[in-house]
Amino acid sequence: MNSMTDPSKQTRLQTENLQPLTGDCLSFAISNMAAIAVAMISLRLLPLFHYFLLILRVDFSNQLDDNKIPPSLCTGHPGIPGSPGVHGSPGQPGRDGRDGRDAAPGEKGDLGDRGERGETGDRGLTGDHGDAGHKGDKGVAGECAVAPKSAFSAKLSEARTMPVPVASTSDAVRFDVISLNEQGDYNVETGRFTCRVPGTYYFAVHATVYRSSLQFDIMKNGNVVASYFQFYGNWPKPASLSGGSLLHLIPGDQVWVQMALGEYAGLYSSSKTDSTFTGFLVHSDWKNSAVFA
């Protein structure tokens, strides 16, 4: 009997080639077993068929329990890779971690280099006015300050029976008897006053006119600032002539009296009448400068 007609041989061959199956392969195996069963029944081998089913059930049960399916059975082609999934939404922020422990202080570092000088900032706003301070202690009394002084007065010598002679019109009349000259600003030898304190001065001349007409000028640095004239009409007694001028002087300026020559030189002085030249400081130009006597 060949393999196609011998049911026992056919059953043995199929049993040796039978492997544990699952899924689609299991359906295929069941179909084959059904065909085998029909063939065996037809051949009246029912007892052998029951024995085969028992073996097959035990073997299938063991294979399924161990999940051992040979990879060579029912292996299909690899599937197409799936599409990437949609990005999930951002998760919730995590909780803050615990504070770390304080470390020990580190050692003090070296002093850094001095930085460059910054630019000058804008001027700030003016601050509020501060409260008045306490009154200070009274200071020590100082020296008494006085206004600057300059004054003089001089007259001609007495007992002159003739008018005072002068050499030229540029000569000053020398009033040679000093009445007052504390500051020494008037020079008896030259008959001139020299300014020491800048300011305003007043000068006056009182002349006795006798035996001749008189003309005299008050001079400042060689310039005439005031002129006076008295005619003498051969009177038996002397006449008088007075004049004055207010001048502004600076240190070094000079003032004197100058008399004309010839018939206009009738300046006279005696024990009963005088001719005088006087000057004094009205006010100085010095400011905030104390002058002490």
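Residues numbered from 1 in each chain as written. Predicted model: local features only at pLDDT ≥ 70, side-chain atom pairs only at ≥ 80, totals over all residues. Heavy atoms only, no water.

Draft legend 1. Broad picture of the overall build of the protein chain. Along the protein chain, the regular secondary structure elements total 3 helices and 10 strands. Its helices and strands in sequence order give the protein chain the pattern α-α-α-β-β-β-β-β-β-β-β-β-β, from N to C terminus. Looking at the 293 residues of the protein chain, the share that counts as buried comes to 26%. Sequence separation of 24 or more characterises 72% of the internal contacts of the protein chain that already satisfy a separation of 6 or more. For the protein chain, the accessible surface area stands at approximately 21900 Å², while carbon and sulfur atoms represent 53% of it. (Helix = DSSP H or I, 4+ residues; strand = E, 2+ residues; numbered from the N terminus. Buried < 20%, exposed > 50% of the residue type's maximum accessible area, 1.4 Å probe, protein only. Contact = heavy atoms within 4.5 Å. Areas by Shrake-Rupley, 256 points an atom, 1.4 Å probe, with all protein chains shown as cover.)

Draft legend 2. Seen up close, the nonpolar core. Phe203 and Phe277 are the most contacted members of the largest nonpolar core, which totals 33 residues. Secondary structure elements with two or more residues in this core: strand 1 (151–155), strand 5 (199–220), strand 6 (223–230), strand 7 (239–249), strand 8 (254–259), strand 9 (265–268) and strand 10 (276–284). A total of 9 residues in this core trace back to one element, the largest contributor, which is strand 5. When sequence neighbours within four positions are dropped, the list of residues in contact with phenylalanine 203 reads Phe152, Phe193, Ile218, Gly243, Gly244, Ser245, Leu247, Leu249, Val255, Phe277, Thr278 and Gly279. (Core = buried A, V, L, I, M, F, W, Y, C linked by side-chain atoms within 4.5 Å.)

Draft legend 3. Quick peek at the packing of aromatic side chains. Counted by the stated rule, this structure contains 16 aromatic pairs. Look at tyrosine 210 and tyrosine 232: their rings are 6.3 Å apart centre to centre, the planes differ by 70°, and that puts the pair in the edge-to-face class. Of this pair, tyrosine 210 sits in strand 5 while tyrosine 232 sits in the loop between strand 6 and strand 7; the two residues are 22 residues apart in sequence, bridging distant segments of the chain. Overall, the relative accessible area of 15% leaves tyrosine 210 in the buried class. Between phenylalanine 216 and tyrosine 228, the ring centres sit 5.3 Å apart and the planes meet at 35°, which makes this aromatic pair tilted. Residue phenylalanine 216 is located in strand 5, and its partner tyrosine 228 is located in strand 6; the two are separated by 12 residues in the primary sequence. (Phe/Tyr/Trp six-rings, centres within 6.5 Å; stacked < 30°, edge-to-face > 60°.)

Draft legend 4. Expanded view of the pairing of strand 7. What you see with strand 7 is a clean split: Ala239, Leu241, Gly243, Ser245, Leu247 and Leu249 sit on the buried side and Ser240, Ser242, Gly244, Leu246 and His248 on the side with no burial. Two elements, strand 5 and strand 7, share 11 bridges in a ladder whose sense is antiparallel. Its bridge partner lying in strand 7, alanine 207 is registered against leucine 241. (Pairing = 2+ DSSP bridges.)

Draft legend 5. Focus on unusual backbone geometry. A positive phi angle is found at arginine 211, which is not glycine, with a value near 65°. In this model, asparagine 221 sits at a positive phi of 55°, which is unusual for a non-glycine residue. Here asparagine 221 shows up in the loop between strand 5 and strand 6.

Draft legend 6. Here's a closer look at the side chain of aspartate 217. Within the element layout of this structure, aspartate 217 appears in strand 5. The buried charged residue aspartate 217 lacks any salt bridge partner; its closest oppositely charged side chain belongs to arginine 192, at an N-O distance of 13 Å. Polar contacts involving the side chain of aspartate 217 include one to the side chain of serine 227, which spans 2.6 Å. (Lys, Arg positive; Asp, Glu negative; His and termini not counted. Salt bridge = Lys/Arg side-chain N within 4 Å of Asp/Glu carboxyl O. Polar contact = N/O pair within 3.5 Å; in protein donor to acceptor, adjacent residues only side chain to side chain.)

Draft legend 7. Examining a nonpolar patch on the surface more closely. Among the surface-exposed residues, Tyr202, Leu246, Phe280 and Val282 lie close enough to one another that they form a single nonpolar patch of about 360 Å² accessible area. Structurally, valine 282 is set in strand 10. Relative accessible area serves as the criterion here: at 45%, valine 282 is assigned to the partly exposed category. (Patch = residues over 30% accessible without salt bridge, like charges linked within 9 Å, V, L, I, M, F, W, Y side chains within 5 Å.)

Draft legend 8. Local environment of the side chain of serine 157. Its location among the elements puts serine 157 in the loop between strand 1 and strand 2 (177–180). A polar contact is formed between the side chain of serine 157 and the side chain of aspartate 176, at a distance of 2.3 Å. Once residues within four sequence positions are removed from consideration, serine 157 is found in contact with Asp176, Val177 and Ser269.

Draft legend 9. Seen up close, the environment of glycine 262. As for its position among the elements, glycine 262 is in the loop between strand 8 and strand 9. Along the backbone, glycine 262 and serine 213 are 49 residues apart, and their C-alpha atoms lie at a distance of 9.4 Å.

Draft legend 10. Fine view of the environment of valine 205. Within the element layout of this structure, valine 205 appears in strand 5. What makes valine 205 buried here is its relative accessible area of 3%. The sequence separation of valine 205 and glycine 244 amounts to 39 residues, and the corresponding C-alpha distance is 6.0 Å. Discounting chain neighbours no more than four positions away, the residues touching valine 205 are Phe216, Ile218, Leu241, Ser242, Gly243, Val257, Thr276 and Phe277.

Draft legend 11. Fine view of the confidence of the model for the protein chain. Summarising the model, the protein chain shows a mean pLDDT of 77, and 67% of its residues fall at 70 or more. Mean pLDDT across the elements of the protein chain ranges from a minimum in helix 1 (residues 7–17), with 48, to a maximum in strand 3 (residues 186–187), with 98. Counting interchain partners and residues more than four positions distant, the pLDDT-below-50 stretch residues 1–5 has 5 contacts. Segment residues 13–22: pLDDT under 50, and 20 contacts once partners within four positions in sequence are set aside and those in other chains are kept. (pLDDT = per-residue confidence, 0-100.)

Draft legend 12. Focus on the pairing of strand 1. Of all 5 residues in strand 1, 4 are buried; the element is thus mostly enclosed. Note: strand 1 against strand 10, 5 bridges, orientation antiparallel. Bridge pairing in strand 10 links phenylalanine 152 to glycine 279. For strand 1 and strand 2, the ladder comprises 3 bridges, and the chain directions are antiparallel. Residue pairing for strand 2: serine 153 is matched across the bridge by leucine 180.

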